[in-house]
Amino acid sequence: MPNFRPIFILLLPLFSFPVMSQKTELVIDVGHSIAKVQPTMYGIFFEDINFAADGGLYAEMVKNRGFEFDDPMMGWKQPKSNPYGFNPTSGIATIIQPEADAANRNFCRINIEDDKGYELINVGFRGMGIKKAAIYDLSIMARNPGQTITKILVQFIDSLGNVLGEGSMAPTGKDWQTYSTKFVAQATNPKTTLKFTFKGTGTIDLDNISLFPEDTWKGRKNGLRKDIVQLLADLRPGFLRFPGGCIVEGRTLAQRYQWKKTVGPVWDRNLLINRWNTEFAHRPAPDYFQSFGLGFFEYFQLSEDLGAAPVPILGCGMACQFNTGELVPLDDLGPYIQDALDLIEFANGSVATPWGKVRNDMGHPEPFHMKYIGIGNEQWGPEYIKRYKQFEKALKDAHPEIVIISSSGPFPEGDFFEYGRSELKKLNAEIIDEHYYNSPEWFRENATRYDNYDRQGPKIFAGEYAAQSVGITSPENKNNWECALSEAAFMTGLERNADIVIMTSYAPLLAHEEGWQWTPDLIWFNNLEVYGTVNYYVQKLFANHRGTDLLAVITAKGDVLTGQNNLYASSVKDANSNEVFVKLVNFSNKKQALEIDFKNQKVGSEATVLTLRSDTLSDENSFGNPKKIIPQESSLHVSNNHLNIEITPYTFMVLEVPLK
Ligand code: AHR
């Protein structure tokens, strides 16, 4: 093999140069729909990794608001406690744990015996981002048995100790009560803390200390960050996969995601350590827990807001096989299967059913119209197939209308994959979830992956994919243009096979600038800002041009264009907007000329061109330059159903061609 390499390097420029300079002629038969493109074709994968939920999409600003972390004072500081040395009875917050098994076990007892200025400070999620003139909603549960603490002052404090906004409350009730107030930020600052000081002496108990910006997505209480949701909405996703990812499975069965513990009153939801807290020694996150404030109700509500089909993925009695791989004995799977059945009832059942009533009590009597359910995340091997069969039987017996998604494991090829796929095919599985984390080259080379796939077998959900610039789980991976353009090339192959590939989603979705564990990610945020990576804009261009009908793109020689001369293409017609969309990728360093002949239906004389490009494959969007590479719009004349275009090097473009 090494002997061939020099010859390849020598010959490549000789053969490639003349071809590059030629015009490529393409024919698109607009009159012939090869297949329907499913509304679910381009969707979103959400997992609480990289502080995607708490500290991210979920707009709560107080970390460890209920004092329920393993270290109950994590996230809280008491800089002015013990002013005179250790005195456990004055100016000290103590964690009280009255009910070991309750969801909300702990509260914080504060004893103040003098007025020396005791302070309790919450540090937020790597600080708290505040915006000038924005209003913040604070709520606290408090019990003031002696009624001697007369006031709590609450302040945003910057790193120099300046006060950037303040409010106060008088929690005078002897028994537990919720107190709330609003206050305004006087400045914009990405990293404030929230300081509480107390007037009076005595004992006060505090719990569930919560702070949200008033301006959440749709103005909802317990809401989501508006700026992040807006980027999701701009994708116009066809589905929303939730809650993952490995988080579904848990490192152990005890730490698996249990949807029932994420619905109902927010303070009754059990906190759980986030599996990404300890997963990577190179990115430890000891303060990463799941409050489940963004739970399954909020997930269904968000899906509805986005017009996206909910695609919940549930555990199947197997902990993550990369971790403990714990198994629930086959005879004990009942409760796991019941969870799946009950989730369907929670989403779709009438308000007279027990779980439909929970949904109703949470303010949503109408069903969420859930149609899909995923059984297991990245499961592989015979133990998965045995468990899948039990789920499938029970689900289909009770709900034949629900479409089941099954797993082919973590890799897109190899023994696990081949075994899973062949067994699932024998079982007539409906949709198989395939994952690809691989090099940019792999993505380009696999643009043909589905061209010869079995048309009689299960449909495909490309449920997690992203090009890795260095290697899977490397902290050096970048969201660079080489990766994004390679994904675009690959996606032309997904789209060309839209008859069998019916759902696709990039993963992971979100990452906090400081709190991340995994890179690359589609969208990066910090406490004040959010930006879409170049990969995001590739996703957006595909999803915003999903179309309704798949069209063939054929070269003048009658071949399908799948990467010849580093050119990739796919095309769809949109029956709603009466347009044809053509996606073109030039992954070469040469300008390439193209002529497209639209056959069998008249097209308009002017096309819109959306171009995403950079000459530098290592280019990225960033907090400093979030719009370095974004789509640029131009127009192009179409003459007598022929369109001539020169595609610049390293370019992805979408043509919007009106139909007459
Ligand atoms: O997307 C990050 C992780 O990659 C997911 O949790 C898992 O399913 C995959 O291995």
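In this text, all values refer to a predicted model and were calculated from it rather than measured experimentally.

Rules behind the numbers
Residues numbered from 1 in each chain as written. Predicted model: local features only at pLDDT ≥ 70, side-chain atom pairs only at ≥ 80, totals over all residues. Heavy atoms only, no water. Helix = DSSP H or I, 4+ residues; strand = E, 2+ residues; numbered from the N terminus. Rg over C-alpha atoms; globule rule 2.2 N^0.38 Å. Contact = heavy atoms within 4.5 Å. Areas by Shrake-Rupley, 256 points an atom, 1.4 Å probe, with all protein chains shown as cover. Domains from an automatic or database assignment. Buried area = accessible area lost by both parts, 1.4 Å probe. Near = heavy atom within 4 Å. Polar contact = N/O pair within 3.5 Å; in protein donor to acceptor, adjacent residues only side chain to side chain. Buried < 20%, exposed > 50% of the residue type's maximum accessible area, 1.4 Å probe, protein only. Pairing = 2+ DSSP bridges. Right-handed = clockwise from strand over helix to strand, strands pointing away. Phe/Tyr/Trp six-rings, centres within 6.5 Å; stacked < 30°, edge-to-face > 60°. Lys NZ or Arg CZ within 6 Å of the ring centre and 35° of its normal. Axes fitted to C-alpha atoms, helices over the stretch in contact; angles between N-to-C directions. Core = buried A, V, L, I, M, F, W, Y, C linked by side-chain atoms within 4.5 Å.

What follows is about the overall build of the protein chain. What the protein chain contains, in helices and strands, is ten helices and 35 strands. Taking 660 residues into account, the globule formula puts the C-alpha radius of gyration at 26 Å, and the protein chain, at 27 Å, falls close to it. Reported as C-alpha extents along the three principal axes, the dimensions of the protein chain are approximately 90 × 60 × 55 Å. For the protein chain, long-range pairs separated by at least 24 residues make up 76% of all intrachain contacts whose partners lie at least 6 apart in sequence. When the accessible surface of the protein chain is split by element, carbon and sulfur atoms take 52% of a total near 25,700 Å².

Attention now goes to the domain arrangement of the protein chain. Parsing the protein chain into structural domains produces domain 1 (15-37 + 550-658), domain 2 (44-59 + 216-546) and domain 3 (76-213). Placing a centre on the C-alpha atoms of domain 1 and another on those of domain 2 gives a separation of 31 Å. Of the residues lining the interface, 38 residues belong to domain 1; the matching set on domain 2 comes to 33 residues. Carbon and sulfur atoms supply 73% of the area that domain 1 and domain 2 bury against each other, a total of about 3,000 Å² over both sides. When the buried surface of domain 1 facing domain 2 is broken down by residue, Tyr568, Phe587 and Phe623 rank first, second and third, together holding 23% of it.

Around the ligand sit Glu47, Gly245, Cys246, Trp276, Asn377, Glu378, Tyr437, Glu464, Pro508 and Trp518, and those are all the residues in its vicinity. Measuring from an oxygen atom of the ligand, one finds a side-chain N or O atom of glutamate 378 at 2.8 Å. A distance of 2.7 Å is found between an oxygen atom of the ligand and a side-chain nitrogen or oxygen belonging to tyrosine 437. Within the complex, 96% of the 280 Å² of free accessible area of the ligand lies under protein.

Glancing now at the pairing of strand S15 (residues 239-242). Side-chain direction in a regular strand flips from residue to residue, so the side chains alternate between the two faces of the sheet. Taking every second residue as pointing to the same face, both faces of S15 are buried, with Phe239 and Arg241 on one and Leu240 and Phe242 on the other. Note that strand S3 (residues 44-45) and S15 share two bridges and pair parallel. Looking across to S15, one finds that isoleucine 44 is bridged to leucine 240.

A few words on the side chain of threonine 651. With respect to the helices, strands and loops of the structure, threonine 651 is situated in strand S35 (residues 651-658). The exposure class assigned to threonine 651 is buried, which follows from its relative accessible area of 0%. Only 3.0 Å separates the side chain of threonine 651 from the side chain of arginine 613, close enough to count as a polar contact. Among the polar contacts made by the side chain of threonine 651, one reaches the main-chain carbonyl oxygen of proline 649 at a distance of 2.8 Å. Beyond its immediate stretch of four places on either side in the chain, threonine 651 contacts Trp481, Leu485, Leu584, Val585, Asn586, Thr611, Leu612 and Arg613.

Right, let's talk about the pairing of strand S22 (residues 459-467) for a bit. Counting buried residues along S22, eight of its nine residues qualify, which places the element largely inside the surrounding structure. The pairing of strand S21 (residues 431-438) with S22 spans eight bridges and is parallel. Within the sheet, the bridge partner assigned to isoleucine 432 lies in S22 and is isoleucine 460. Traced from S21 through helix H8 (residues 440-445) to S22, the parallel crossover comes out right-handed. Bridging between S22 and strand S23 (residues 501-506) involves four bridges; their strand directions are parallel. Looking across to S23, one finds that isoleucine 460 is bridged to valine 501. As a crossover connection, the stretch from S22 through helix H9 (residues 481-496) into S23 is right-handed.

As for its position among the elements, threonine 192 is in strand S13 (residues 189-200). Here threonine 192 is in contact with Val123, Gly127, Met128, Ile130, Phe156, Ile157 and Leu164, once residues within four sequence places are set aside.

On to the packing of aromatic side chains, then. Tallied over the entire structure, the rule returns 50 aromatic pairs. Taking the centre distance of 4.1 Å and the plane angle of 20° together, the rings of phenylalanine 69 and phenylalanine 289 count as stacked. On the criterion of sequence distance, the pair formed by phenylalanine 69 in the loop between S3 and strand S4 (76-77) and phenylalanine 289 in strand S17 (residues 289-290) is long-range, its members being 220 residues apart. Accessibility assignment for this pair places phenylalanine 69 and phenylalanine 289 in one class, buried. Aromatic pair tyrosine 465 and tyrosine 506: ring centres 6.3 Å apart, planes at 70°, arrangement edge-to-face. Here tyrosine 506 lies in strand S23 and tyrosine 465 lies in strand S22, a separation of 41 residues in the sequence. Judged by its relative accessible area of 0%, tyrosine 465 is buried. Here tyrosine 506 falls in the buried class, since its relative accessible area comes to 2%. Among the aromatic residues, those joined into a cluster by ring pairs are Phe46, Phe242, Tyr257, Trp259, Phe292, Phe296, Phe297, Tyr299, Phe300, Phe346, Trp355 and Phe368. The lysine or arginine in question, arginine 283, covers the ring of tryptophan 516, its NZ or CZ lying 3.8 Å from the ring centre. One residue, arginine 444, lies across the ring of phenylalanine 587, its end atom 3.9 Å from the ring centre.

Here we come to the sheet that holds S22. On the basis of which strands lie adjacent, the open sheet formed by eight strands has the order S3-S15-S18-S19-S20-S21-S22-S23 and parallel pairing. Because the sheet does not close on itself, it has two edges, and the strands there are S3 and S23. Taken strand by strand, helix H6 (residues 382-398) contacts strand S19 (372-375) and strand S20 (403-407), and its axis lies near 175° from that of S20. The strands touched by helix H7 (residues 415-426) are S20, S21 and S22; relative to S21, the strand with the most contacts, the crossing angle is about 165°.

Let's shift gears to the sheet that holds strand S26 (residues 530-532). Across the sheet, three strands lie side by side as S24-S25-S26; this open sheet has mixed pairing. Whereas interior strands pair on both sides, the edge strands pair on one side only; in this sheet they are strand S24 (510-512) and S26. Averaged over all pairs of adjacent strands, the angle between their axes in this sheet comes to 20°, without regard to strand direction. Where S24 and strand S25 (residues 523-525) come together, three bridges link them in parallel fashion. When the bridges of S25 are listed, histidine 512 appears paired with phenylalanine 525. Most of the contacts of helix H2 (residues 226-234) go to S26, to which it runs at about 15°, and overall it touches S24, S25 and S26.

With that settled, consider the nonpolar core. In this structure, Phe46, Phe296, Tyr436, Trp481, Leu494 and Phe652 are the most contacted members of the largest nonpolar core, which totals 130 residues. The leading source of residues in this core is H9, at nine residues. Formed jointly, this core draws a minimum of three residues from each of two domains, domain 1 (15-37 + 550-658) and domain 2 (44-59 + 216-546). For phenylalanine 652, the contacting residues outside a window of four places in its chain are Trp481, Leu485, Ala488, Val538, Leu541, Phe542, Lys583, Leu584, Val585, Leu610, Thr611 and Leu612. Core analysis: the second largest hydrophobic core is formed by 33 residues, Cys108, Ile112, Leu138 and Leu164 among them.

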